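One letter stands for each residue in the lines below.
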Amino acid sequence: MRILRTPDDAADGLADYPIKRRYISIPSGDGQELRVHVVDTGDSDAAPVVFLHGNPSWSFLWRHQINAVAAAGWRAIAPDLVGMGMSDKPSEMADYSLDRHIDWMRSLLFDHLDLADITFVLHDWGGIIGMRLVAEQPDRVGRMVISNTGLPWRNINEPLPEVIEASGPLADFQAFAAAAPVWEPWTLLPMVMVTEPTADLVSAYRAPYPDKELTVGSRAFTQLLPTRPDNPMYPANYEAWKVLERFDRPVLTIFSDLDAVAPDGWKPITARIPGAADQPHTILKGGGHFLQEDLPDQYTQTLLTWLGVPT
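Now for a description of the structure that goes with this document. Everything numeric here is computed off the predicted structure, so don't read it as measured data.

For the pair helix H2 (residues 98–112) and helix H3 (residues 125–136), the least separation of the axes is 10 Å and the interaxial angle reads 65°. Here the hand of the crossing between H2 and H3 comes out right-handed. Across the interface between the two elements, Leu 98, Asp 99, His 101, Ile 102, Met 105, Arg 106, Leu 109 and Phe 110 from H2 touch Trp 125, Ile 128, Ile 129, Arg 132, Leu 133 and Glu 136 from H3. Taken together, the residues of the contact of H2 with H3 break down into 9 nonpolar, 1 polar and 4 charged.

So, on to the nonpolar core. Among the nonpolar cores identified, the biggest contains 94 residues, and Phe 51, Phe 120 and Met 144 are the most heavily contacted of them. Once residues within four sequence positions are removed from consideration, Met 144 is found in contact with Phe 120, Leu 122, Met 131, Val 134, Leu 244, Phe 247, Pro 250, Val 251, Leu 252 and Trp 306.

This part takes up the side chain of Thr 6. By the element assignment, Thr 6 lies in the loop between strand E1 (3–4) and strand E2 (21–27). A polar atom in the side chain of Thr 6 sits 2.7 Å from the backbone oxygen of Pro 208. Apart from the residues lying within four places of it in its own chain, the contact partners of Thr 6 are Arg 35, Gly 85, Met 86, Lys 89, Pro 208, Pro 210 and Leu 214.

With respect to burial, strand E4 (residues 48–52) is a largely interior element, 5 of its 5 residues being buried. Judged by which residues are buried, E4 turns out to be covered on both faces: Pro 48, Val 50 and Leu 52 on one side and Val 49 and Phe 51 on the other are all buried. Across 3 bridges, E4 lies against strand E5 (residues 75–79) in parallel orientation. Considered in E5, the bridge of Val 49 is made with Ala 76. As paired strands, E4 and strand E7 (residues 118–123) are joined by 4 bridges and run parallel to one another. Residue pairing across strands places Val 49 opposite Thr 119, the latter belonging to E7.

If you walk across this open sheet you meet the 8 strands as E2-E3-E5-E4-E7-E8-E9-E10, and the pairing is mixed. The sheet is open, and its two edges are formed by E2 and strand E10 (282–284), each paired on a single side. If you compare each strand with its neighbour and ignore which way they point, the axes differ by 20° on average. As defined by bridge partners, strand E9 (residues 251–256) adjoins E10 across 3 bridges and the pair is classed as parallel. Note that in E10 the partner of Phe 255 across the bridge is Ile 283. Sitting on the sheet, H3 touches E4, E7 and strand E8 (141–147), and the angle it makes with E7 is about 145°.

The rules behind these values
Residues numbered from 1 in each chain as written. Predicted model: local features only at pLDDT ≥ 70, side-chain atom pairs only at ≥ 80, totals over all residues. Heavy atoms only, no water. Axes fitted to C-alpha atoms, helices over the stretch in contact; angles between N-to-C directions. Helix = DSSP H or I, 4+ residues; strand = E, 2+ residues; numbered from the N terminus. Left-handed = near helix turned anticlockwise from the far one by under 90°. Contact = heavy atoms within 4.5 Å. Nonpolar A, V, L, I, M, F, W, Y, C, P; charged D, E, K, R; others polar. Core = buried A, V, L, I, M, F, W, Y, C linked by side-chain atoms within 4.5 Å. Buried < 20%, exposed > 50% of the residue type's maximum accessible area, 1.4 Å probe, protein only. Polar contact = N/O pair within 3.5 Å; in protein donor to acceptor, adjacent residues only side chain to side chain. Pairing = 2+ DSSP bridges.

No statement about biological role is implied by the geometric values presented.
Put into structure tokens, the structure is as follows:
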């Protein structure tokens, strides 16, 4: 595995982005080490609120919520997934798999940081990775907030169709991402937002990728999307759902009404996870897939209210 690295100063000076950040080395899985970039701010002795982003974002997505949670007395932790943001980036598409992403985050959050009583705040791929981690070690988790994501499920006891091909609303996007001669994650902001991204916002999303070779992790995520019934995530997700169907600690969904990626992702969560019963699930009006960018104040207030912060 050849590992690429973004210059350490690429994220310096971004508006509202926390300056309390560090790098933590974890095993790459092939005998090397990967350096993971982590926002770690607030009270280091307090219960942790862990924010996991997806694609095409990085921990910058959570800046408003991180600052608010830290100001309210929690320890706020937001890693950049491997291949994204300021974290190290294996150089080949084949270096990435969902299982590897889960291994990398398990190593960071459970093995290295040894976190407990975690409040997970999950979005997009961060939801799939985070819910799998919850299913692996549910006793470490105090509660979850799940936004515009879900854990894809297929009954693996049913036979696969004779003809297997990509289908569904994300199949065309997946094919486009595979064929694009150049991959620039920041150019996708208009697809995942309802409001017009400002030039400063676009620059912030571009900041970790001064060289086009550094965007491979983002493109790799597009090829992991479960557009085929034989996607390798389904067997492990099937087993994870067995655990989540017994998870009785509080679970809140905060979705948006104009999300085109996972508009109904909240439905299995509220129907199948016991901890989601009788919670004040919220669909924010006027937000796209990146509701943290479209509706930062509304999202933050909804989160803080649920956490018990007086407003």
